[in-house]
Amino acid sequence: EQSSEEEDRKHERKSKQQKSDSESESDEEEESESESSQSESEDSESEAEVKKKKKAAESKPPSKPVKETKKEKKEMSLLDLDDFEPTPSPQVTPVNNLLSNSLVTDLEGLSLSDAVLSPATITPSSALKSFELLHRITGEGLSVEYCFSRQPFSPDANMVAVQMQFTNNSTSNTKNLHMEDIKLQSGMRVKEFPEIELLPAGETATAVMGIDFCDSTQAANFQLCTHTRKFFVSIQPPVGELMRPVFLTENEFKKEQGQLMGMNEITEKLTLDTKCRNEHVIVQRVTTAANLSRVPCGSDQECR
């Protein structure tokens, strides 16, 4: 009986162990199944996240290039410039307050520009004397006058600018106005005026020529030609038109004057009319007679 009881107990123990083993195996299987389900859910979640990222990347607009940002920065900087207030310009004092009225009028005729002078821009001043080159009867309806414009002749600074005015007084057109057969003394040179192709009846044309008189008063002789006729003419300069004004200070003028003593000096005494005893009138008369400009002078009783 005891042996049978012990055998029964052993059977129970074995059955319990088998049950516990089977239960542990089932628990492990359940855990493995739960782990596999979790991994599958994680994989599905990662795939969903990748798809979402792709969609978001496709839906996003393409990023702007760097150049556009630079442009925006530039535009902002230009807009910022509008915020600055302009600095007030300094007040300019008029020249008349600094210089005497006589000096201002004396310096008005002084030209310091080397710009090219076209015939249209040169207008003869009322103070400039005109000379007759060709009378309308001699020229069969064509009349020509000239004056020394006292402007720098741009092609050659050593030449005197001579402005010529052509007037067609006839009823027919004049064509091909030009110069031929120029006869000059030794050393003299002439720059011809451009040919005037057509001068209609009753019209006036202006042209500029240059003459280098070589510091002499000898005349420049040439032929003035049209399409039908040739006219012999000559231009002789007054001494005052062979000069050119140069701006000097008083000390520079005295230095240059000291080097000319005794060479060709003339001293005269004049009795002036009551109308000419004004300093301004004296300067105007001298500058009209010769192409000169006044030098600043410290004394009121002197004009240089």
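Residues numbered from 1 in each chain as written. Predicted model: local features only at pLDDT ≥ 70, side-chain atom pairs only at ≥ 80, totals over all residues. Heavy atoms only, no water.

Here we come to the overall build of the protein. A tally of regular secondary structure across the protein gives six helices and nine strands. The long-range fraction of contacts in the protein, counting pairs at least 24 apart against all pairs at least 6 apart in sequence, stands at 61%. Within the structure as shown, the protein displays about 23,500 Å² of accessible surface, and the carbon and sulfur contribution to it stands at 49%. (Helix = DSSP H or I, 4+ residues; strand = E, 2+ residues; numbered from the N terminus. Contact = heavy atoms within 4.5 Å. Areas by Shrake-Rupley, 256 points an atom, 1.4 Å probe, with all protein chains shown as cover.)

The next thing to look at is the pattern of salt bridges. Counted according to the given criterion, the structure contains nine salt bridges. Between R189 and D156 there is a salt bridge, with its nearest N and O atoms 2.8 Å apart. Of this pair, R189 sits in strand β5 (residues 189–191) while D156 sits in the loop between β2 (142–152) and β3 (160–168), and the two are 33 residues apart along the sequence. One network of salt bridges, with partners in common, ties together E250, K254, E302 and R304. (Salt bridge = Lys/Arg side-chain N within 4 Å of Asp/Glu carboxyl O.)

With that settled, the discussion passes to the sheet that holds strand β4 (residues 174–183). As summarised here, the arrangement of the four strands in space is β6-β4-β8-β9, forming an open sheet in which the pairing is antiparallel. Of all strands in the sheet, those with a lone pairing partner are β6 (196–199) and β9 (230–235), marking the two edges. Put simply, the sheet's adjacent strands are angled 35° from each other on average, direction ignored. In terms of strand pairing, strand β8 (residues 220–225) meets β9 through six bridges, oriented antiparallel. When the sheet's bridge partners are listed, Q223 is paired in β9 with F232. (Pairing = 2+ DSSP bridges. Axes fitted to C-alpha atoms, helices over the stretch in contact; angles between N-to-C directions.)

This paragraph deals with a negative patch on the surface. Negative charge collects at one region of the surface, where E5, E6, E7, D8 and E12 lie side by side. Relative to the helices and strands, E5 resides in helix α1 (residues 2–59). (Patch = residues over 30% accessible without salt bridge, like charges linked within 9 Å, V, L, I, M, F, W, Y side chains within 5 Å. Lys, Arg positive; Asp, Glu negative; His and termini not counted. Charge placed at Lys NZ, Arg CZ, Asp CG, Glu CD.)

This paragraph deals with the nonpolar core. Counting 28 residues, the largest nonpolar core has M164, F166, M209 and I235 as its most contacted members. Looking at this core, the elements with two or more residues in it are β1 (131–134), β2, β3, β4, β6, β7 (204–212), β8 and β9. Those residues in contact with I235, other than ones at most four positions away along the chain, are L133, Y146, F148, V162, M209, I211, F213, Q218, A219, A220 and F222. (Core = buried A, V, L, I, M, F, W, Y, C linked by side-chain atoms within 4.5 Å. Buried < 20%, exposed > 50% of the residue type's maximum accessible area, 1.4 Å probe, protein only.)

Attention shifts here to the sheet that holds β5. The sheet built from five strands is open, its strands ordered β1-β2-β3-β7-β5 with antiparallel pairing. Each end of this open sheet is capped by a strand with a single partner; those strands are β1 and β5. Averaged over all adjacent pairs, the angle separating strand axes in this sheet is 35°, with direction ignored. Pairing between β2 and β3: eight bridges, direction antiparallel.

In this section: the environment of F153. Inspection of the secondary structure assignment puts F153 in the loop between β2 and β3. Placed 57 residues apart in sequence, F153 and G210 show a C-alpha to C-alpha distance of 6.6 Å. When sequence neighbours within four positions are dropped, the list of residues in contact with F153 reads M159, A161, K191, V208, M209 and G210.

Once that is clear, we can look at the side chain of N168. Take N168: it is sitting in strand β3. Classification of N168 by relative accessible area gives buried; the value is 1%. Polar side-chain contacts of N168 include one of 2.9 Å to the backbone oxygen of S172. What N168 contacts, discounting residues up to four positions off in sequence, is G141, N173, T174, L199, P200, A201, G202 and E203. (Polar contact = N/O pair within 3.5 Å; in protein donor to acceptor, adjacent residues only side chain to side chain.)

Under the counting rule described, the total for this entry stands at four aromatic pairs. Judged by centre distance (6.2 Å) and plane angle (75°), the rings of F131 and F148 are edge-to-face. Pair noted here: F131 is in strand β1 and F148 is in strand β2, with a separation of 17 residues, a long-range link. A residue is classified by how much of its surface remains accessible, and F131, at 22% relative accessible area, is partly exposed. The buried category is assigned to F148, whose relative accessible area is 3%. (Phe/Tyr/Trp six-rings, centres within 6.5 Å; stacked < 30°, edge-to-face > 60°.)

Turning to the confidence of the model for the protein, a few remarks are in order. The share of residues in the protein with pLDDT of 70 or more is 62%, and the mean pLDDT across the chain is 76. Contacts of residues 111–126 to residues separated by more than four positions or lying in other chains number 18 contacts, the stretch itself having pLDDT below 50. (pLDDT = per-residue confidence, 0-100.)

Attention now goes to the environment of L248. Tracing the chain through its elements places L248 in the loop between β9 and α5 (250–258). Classification of L248 as partly exposed rests on a relative accessible area of 23%. Taking the C-alpha atoms as reference points, L248 and P296, separated by 48 residues in sequence, lie 8.1 Å from one another. Sequence-distant contacts of L248, that is, excluding residues within four places in its chain, are made with F253, V295 and P296.

We now examine the environment of P245. Its location among the elements puts P245 in the loop between β9 and α5. Overall, the relative accessible area of 23% leaves P245 in the partly exposed class. Residues P245 and R294, spaced 49 residues apart in sequence, show a C-alpha to C-alpha distance of 8.6 Å.

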